[in-house]
Amino acid sequence: VGEFLDVLEKARLHGATEEDKADGEAFMSVHGYSHWLHPGAAQQDGFDSCLLPGVTAYSTARRLAQLLLGVERGEVLRPETLANMKRSRRVPGQREAKLFAAHFSFKENEWGLGAELVKLPSEGSAEGAKAWGHTSSGGSFALVVPGRRPVVAAVLLNRMDGWERGLSKKLLGAVSKFASGGAP
């Protein structure tokens, strides 16, 4: 995290080279914000009154999908642990979480034990059906999508507006429709 912040600081300095500025832009285009787990993030307005979901991780889409498939098949966790993981921890009557604007996509989500439970688009999926895994504020997701033809989907985006522009919702909708038995 320190190196990340150093690159950003160097890019902002008066007299920064074109290479320094390009490095700073590249770092921000991948991450989109200063790392929330850095102590300096606590100094941002509203930090003390907001929920901070998730963590940052790095992998390939294939590796994430293989891991989730192994978990779903019972190769990584015991069946009781997996069932407990998929059980919602949402409290009845719970209101939307207060979040930073960058994390708006999490406002209605719920979590199980170490996994996010994602409501699937209604078209083609059973009422109230939920995938499980993880999503990112930028639109990436790695999810197990239940249905007649269960699917493990891992989509990694290097942008920060996948949910906002609708790309991630469309992809998840297509995967959900396929998993439920609809046409691909």
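Residues numbered from 1 in each chain as written. Predicted model: local features only at pLDDT ≥ 70, side-chain atom pairs only at ≥ 80, totals over all residues. Heavy atoms only, no water.

Mind showing me how you'd approach the environment of F178 here?
Take F178: it is sitting in helix α5 (residues 167-179). Considered as a pair, F178 and V145 are 33 residues apart in the sequence and their alpha carbons are 9.6 Å apart. (Helix = DSSP H or I, 4+ residues; strand = E, 2+ residues; numbered from the N terminus.)

How do you make sense of the sheet that holds strand β1 (residues 110-111) when you look at a structure like this?
Pairing in this open sheet of five strands is antiparallel, and the strands run β1-β2-β3-β4-β5 from one edge to the other. This sheet does not close on itself; its edge strands, each paired only once, are β1 and β5 (151-155). Sitting on the sheet, helix α3 (residues 61-72) touches β3 (130-135), β4 (141-145) and β5, and the angle it makes with β5 is about 150 degrees. (Pairing = 2+ DSSP bridges. Contact = heavy atoms within 4.5 Å. Axes fitted to C-alpha atoms, helices over the stretch in contact; angles between N-to-C directions.)

Which parts of the structure should I look at to understand the pattern of salt bridges?
It is possible for side chains bearing opposite charge to pair when their charged atoms get close. Counting across every chain of the model gives five salt bridges. One salt bridge connects D20 with K10, and the closest N-O pair in it is separated by 3.7 Å. Taken together, the residues D20 in helix α2 (residues 18-31) and K10 in helix α1 (residues 2-12) connect sequence positions ten residues apart. Among the residues examined, K10 registers a relative accessible area of 46% and is labelled partly exposed. Among the ionic pairs, K86 bridges to E72, the shortest N-O distance being 3.1 Å. A residue pair is termed long-range when its members are at least 10 positions apart, and K86 in helix α4 (residues 79-86) and E72 in helix α3 qualify at 14 residues. Here E72 falls in the partly exposed class, since its relative accessible area comes to 32%. (Salt bridge = Lys/Arg side-chain N within 4 Å of Asp/Glu carboxyl O. Buried < 20%, exposed > 50% of the residue type's maximum accessible area, 1.4 Å probe, protein only.)

Hey, could you run me through the packing of aromatic side chains in this one?
By convention here, two paired aromatic rings are described through the distance between centres and the angle between planes. As enumerated under the stated definition, the model contains zero aromatic pairs in all. Above the plane of the ring of F178 lies R149, whose end atom (NZ or CZ) is 3.9 Å from the centre. (Phe/Tyr/Trp six-rings, centres within 6.5 Å; stacked < 30°, edge-to-face > 60°. Lys NZ or Arg CZ within 6 Å of the ring centre and 35° of its normal.)

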